[in-house]
Amino acid sequence: MIQELIAAIAVTASAGVVYVAAGARVVKQYERGVVLRLGRLAGEVRPPGFTMVVPFVDRLRKVNMQIVTLSVPAQEGITRDNVTVRVDAVVYFRVVDAADAVIKVEDYRFAVSQMAQTSLRSIIGKSDLDDLLSNRELLNQGMELMIDSPAIGWGVQIDRVEIKDVSLPETMKRSMARQAEADRERRARIINADAELQASKKLAQAAEVMSEQPAALQLRLLQTVVAVAAEKNSTLVLPFPVELLRFLERAQSGQQPVVTEPQRARQPKAPPVAEQPSAEPVEPPAAPDRINGVPEALGLPEAFADTDGLGIPDTFGILGEPRVPVEPEGPEDSGSPDDSGTVDTYGNDADRSTAAAQRAEPEAPAG
């Protein structure tokens, strides 16, 4: 009997130990435990550490209290200015009330994900393309408010929402690139025009100073020549002197120009006034020795003699009649063609044939 009692006590003790071990739970530091006893919330949320539940009666659900990073899938929509875009985002949230996260929503992760997608599509439809590209901070805040409003009842708090990327069609990218280029060119032209305006004012002041001192203009010209001559591959063109321009201005205004000595030499001379004949006879000056109008002092040959009286030597018979050489009367004819057929330089074909026939005829006997 005693042995049976001891065995029953041992079995009961073993069952108690197993029952207690079955009800032991450990909640981690970043978790909170929600106990459902027979389907109902039992007591407060269990803090981190060791806790006990009633085996087969209580069900402990652990809720992670860490910040969760949820990636929102890319959503395609049409902006308010009718541009098709594709936007994706990321949501940072955490559970602040474990009981509400377990009881009021089936799966708080899935609920937050779907709410983020819906809010993102709504933000795309309400915004312009420029807002999506430049004013993302305002859009992030608006999207955060849209998600946080229903999530606060689920025991979830939205910490931050960020729009990651905005994908545009290729045609829109090219249009935006052209717009940016045009805007850059406009600003460059405005800056260039402003610089020209400032430079013109400074040049006007410099012109006033140079008008008081004309030598300053000459110095500035020399400085410009030195600056241009520094380039080895450039061609230097010097302008007209200032004195020449002043001379032209005086001539145009009707003032008497100053005639230099070379210009006076090039001016035509007035014809001499005929003098009254005096009573005494004036001997004419001795004419120089000429050969057919050509002075002997020049030492020109007879071929350059003036044959037509115009003062132009007719060497090759161009101006007047062709010259026929005159044969000398002596037996020695140094200037006439010999028997070998040498032709005179100044004769023509008819004269040469006649002279040859006369030489060929034998002399008739006397008597």
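Analysis parameters
Residues numbered from 1 in each chain as written. Predicted model: local features only at pLDDT ≥ 70, side-chain atom pairs only at ≥ 80, totals over all residues. Heavy atoms only, no water. Salt bridge = Lys/Arg side-chain N within 4 Å of Asp/Glu carboxyl O. Helix = DSSP H or I, 4+ residues; strand = E, 2+ residues; numbered from the N terminus. Buried < 20%, exposed > 50% of the residue type's maximum accessible area, 1.4 Å probe, protein only. Pairing = 2+ DSSP bridges. Axes fitted to C-alpha atoms, helices over the stretch in contact; angles between N-to-C directions. Contact = heavy atoms within 4.5 Å. Parallel < 35°, antiparallel > 145°, perpendicular 65-115°, else oblique. Left-handed = near helix turned anticlockwise from the far one by under 90°. Nonpolar A, V, L, I, M, F, W, Y, C, P; charged D, E, K, R; others polar. Core = buried A, V, L, I, M, F, W, Y, C linked by side-chain atoms within 4.5 Å.

**Student:** Explanation requested: the pattern of salt bridges in the structure shown.
**Tutor:** Once their charged atoms are close, side chains differing in charge can pair, the charge on each being opposite to the other. Counting across every chain of the model gives 10 salt bridges. With its nearest N and O atoms 3.9 Å apart, the salt bridge here joins E170 to K173. Placement of the pair is E170 and K173 together in helix α6 (residues 170-212), with a separation of three residues, close to one helical turn. In this structure, E185 and R189 form a salt bridge, with 2.8 Å as the shortest nitrogen-oxygen distance. In this pair, E185 and R189 both sit in helix α6, four residues apart, roughly one turn of the helix. When its relative accessible area of 42% is taken as the criterion, E185 is described as partly exposed. Assessed through its relative accessible area of 59%, R189 is described here as exposed. Among the charged side chains, a salt-bridge network with shared partners connects D183, R186 and R187.

**Student:** Would you mind showing me how to read the sheet that holds strand β2 (residues 31-37) here?
**Tutor:** As a general point, the strands of a sheet are linked pairwise by backbone hydrogen bonds and lie either parallel or antiparallel. Strand order across the open sheet formed by three strands is β3-β2-β5, with antiparallel pairing between neighbours. Of all the strands in the sheet, just β3 (40-41) and β5 (58-64) have a single pairing partner and so form its edges. By the bridge criterion, seven bridges tie β2 to β5 in an arrangement that is antiparallel. Across the sheet, E31 pairs through a bridge with N64, a residue of β5.

**Student:** Is there a simple way to think about the sheet that holds strand β6 (residues 68-78) in this case?
**Tutor:** Here we have three strands laid out as an open sheet, ordered β6-β7-β8, and antiparallel in their pairing. A strand with exactly one partner marks an edge of an open sheet, and here the two such strands are β6 and β8 (156-167). Shown here is a sheet whose adjacent strand axes are inclined to one another by a mean of 25°, direction ignored. Pairing of β6 with strand β7 (residues 84-95) involves nine bridges; the strand directions are antiparallel. Paired with L70 across the bridge in β7 is V91. Along the sheet, helix α3 (residues 108-126) makes contact with β6, β7 and β8, crossing β6 at roughly 35°. Across the sheet, helix α5 (residues 136-151) touches β7 and β8, and the angle it forms with β8 is around 140°.

**Student:** It is not clear to me how unusual backbone geometry should be interpreted in this structure. Could you clarify?
**Tutor:** One can expect most non-glycine residues to show negative phi and most peptide bonds to be in trans. A positive phi angle, near 65°, is found at F56, a position not held by glycine. You can see F56 is positioned in the loop between β4 (49-52) and β5. Among the residues examined, F56 registers a relative accessible area of 79% and is labelled exposed. We note that N82 has phi near 60°; this positive angle belongs to a residue other than glycine. On the secondary structure map, N82 appears in the loop between β6 and β7. By relative accessible area, N82 is classed as exposed at 66%.

**Student:** Honestly, the side chain of D100 in this entry has me stumped. Any pointers?
**Tutor:** Structurally, D100 is set in helix α2 (residues 98-103). Accessibility expressed as a relative area gives 19% for D100, which makes it buried. Not counting the four nearest positions on each side in its chain, D100 is found in contact with V105, G153, W154 and G155.

**Student:** What is the right way to read the packing of α3 against α5 from this model?
**Tutor:** Any two packed helices are characterised by how steeply their axes cross, that is the angle between the axes, and by the distance between the axes. At a minimum axis distance of 9 Å, the contact between α3 and α5 shows a crossing angle of 140°. Classified by the angle between their axes, α3 and α5 sit oblique to one another. Viewed along their axes, α3 and α5 form a crossing whose handedness is right-handed. Here M115, A116, S119, L120, S122 and I123 of α3 lie close against α5, whose contacting residues are L139, G142, M143, M146, I147 and P150. Grouping the constituent residues of the contact of α3 with α5 by class yields nine nonpolar, three polar and no charged.

**Student:** What's the story with the environment of A24 in this structure? I'm lost.
**Tutor:** Mapped onto the elements of the fold, A24 is located in strand β1 (residues 24-27). Through-space distance from the C-alpha of A24 to that of V53 is 6.4 Å; in sequence the pair is 29 residues apart. Residues contacting A24, with those up to four places away along its chain left out, are F50, T51 and M52.

**Student:** Is there a simple way to explain the nonpolar core in this structure?
**Tutor:** Note on soluble globular proteins: their nonpolar side chains tend to be buried together. One finds V85, V91, F93, Y108, V112, V156 and I158 to be the most contacted residues of the largest nonpolar core, which totals 36 residues. Contributing elements (two or more residues each) for this core: β6, β7, α2, α3, α4 (129-134), α5 and β8. No other element matches α3, which puts seven residues into this core. Look past the residues within four positions of V112 in its chain and what remains in contact with it is L70, V91, F93, W154, V156 and I158. In this structure, V27, V35, A42 and L60 belong to the second largest nonpolar core, which totals five residues.

All we've got here are geometric facts, nothing functional implied.
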